[in-house]
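# Coordinate inspection notes
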Amino acid sequence: MSDKPILEVRHLSKNFDANGVLKDVSFAMKEGEVIVVVGPSGCGKSTLLRCINGLERPDGGEILLDGQRIDTGADLVQVRRQVGMVFQSYDLFPHMDVLGNLTLGPVQALKRPKPEVEAEAEQALARVGLAEKAKSLPRQLSGGQKQRVALVRAMLMHPRLLLLDEITAALDPEMVREVLNVVLDLAREGMTMLIVTHEMRFAEAVADRVLFLEGGLVLEEAPPKQFFHHPQTERAQQFLNTFEFDAVR
Ligand code: ADP
Ligand code: MG
């Protein structure tokens with residue numbers, strides 16, 4: 001783990017209409033670090049992630065990846081190559097089989113040879129328990145399987161940073177675990193990840209640090225043990241009380 005931050009977010013602000021969603025958000029991430037962002041619905045978690053991969057243009061502040069500004073809108077293609085993102089809804093192409101979905105980005109955007117990417121994709125599928133599904137269409141997969149494919153697709157671009165926005169929120173409970181296990185494996189392999197989740201047990205297990213976002217500000221930034229067991233602010237305490245959390249605490 002090098003000491004230079006991969007990602008620096010400095011005094012980020014973003015408004016929609018008159019509403020300041022993000023007011024003044026600052027934090028930094030080191031290589032291999034996993035940060036989980038939690039906070040009440042509508043507090044701007046998705047907006048934060050969308051600003052980082054260039055889907056939203058910030059109104060103020062700076063975002064730096066490996067020391068370079070990425071928030072100017074100047075080189076979005078480059079930004080999205082380096083910053084992978086997986087959303088709640090699996091945005092796989094419905095008419096392409098799994099292997100086609102997985103190889104599209106590396107072949108088209110990174111100009112890598114197709115056979116080489118296919119071999120890598122097949123290996124990656126096997127690692128997430130989907131070796132048999134290479135030729136399946138997305139509609140022939142369960143939600144949990146589709147999200148595992150979406151994670152593999154993001155990883156095949158070899159991003160510097162992976163953003164995960166509530167990737168298990170639309171899944172039946174029995175599928176949540178299989179997807180989160182893949183994320184835990186990625187964390188163990190040293191993938192740098194910024195994760196928004198409502199799965200608090202998973203958050204505690206995977207996070208190196210937790211950011212509690214509320215009112216457009218980072219109200220708390222703490223190691224997971226401290227945040228989940230000894231939150232410093234009343235707002236964080238109230239937020240945590242809304243989860244059925246007894247089994248964890
Ligand atoms: P979270 O992910 O924490 O639930 P979001 O970042 O999705 O919150 O949204 C934060 C606030 O910004 C919400 O009030 C939401 O309605 C508003 N918002 C998000 N995206 C847009 C948009 N494109 N246009 C207008 N308002 C938006
Ligand atoms: Mg959201």
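If you're wondering where the values come from, they're calculated on a predicted model, not measured in any experiment. (Residues numbered from 1 in each chain as written. Chains lettered and ligands numbered in written order. Predicted model: local features only at pLDDT ≥ 70, side-chain atom pairs only at ≥ 80, totals over all residues. Heavy atoms only, no water.)

### Concerning the overall build of the protein
- Helix and strand content of the protein: nine helices and 10 strands.
- Computed over the C-alpha atoms, the radius of gyration of the protein is 18 Å, within 12% of the 18 Å expected from 2.2 N^0.38 for a compact globule of 249 residues.
- In terms of overall dimensions, the protein has a C-alpha envelope of 50 × 45 × 40 Å along the principal axes.
- Out of the 249 residues in the protein, the part that is buried amounts to 51%.
- When contacts within the protein are restricted to residue pairs at least 6 apart in sequence, those whose partners lie at least 24 apart make up 65%.
- Summed over its atoms, the accessible surface of the protein is roughly 11900 Å², and 47% of this surface lies on carbon and sulfur atoms.
- Each charge class in the protein was averaged separately, 29 positive and 35 negative side chains, and the resulting centres sit 4 Å apart. (Helix = DSSP H or I, 4+ residues; strand = E, 2+ residues; numbered from the N terminus. Rg over C-alpha atoms; globule rule 2.2 N^0.38 Å. Buried < 20%, exposed > 50% of the residue type's maximum accessible area, 1.4 Å probe, protein only. Contact = heavy atoms within 4.5 Å. Areas by Shrake-Rupley, 256 points an atom, 1.4 Å probe, with all protein chains shown as cover. Lys, Arg positive; Asp, Glu negative; His and termini not counted. Charge placed at Lys NZ, Arg CZ, Asp CG, Glu CD.)

### Section: unusual backbone geometry
- We note that D66 has phi near 50°; this positive angle belongs to a residue other than glycine.
- Here D66 shows up in the loop between strand 4 (60–65) and strand 5 (68–69).
- A positive phi is found at H158, a non-glycine position, where the angle reads about 50°.
- On the secondary structure map, H158 appears in the loop between helix 5 (143–155) and strand 7 (161–165).

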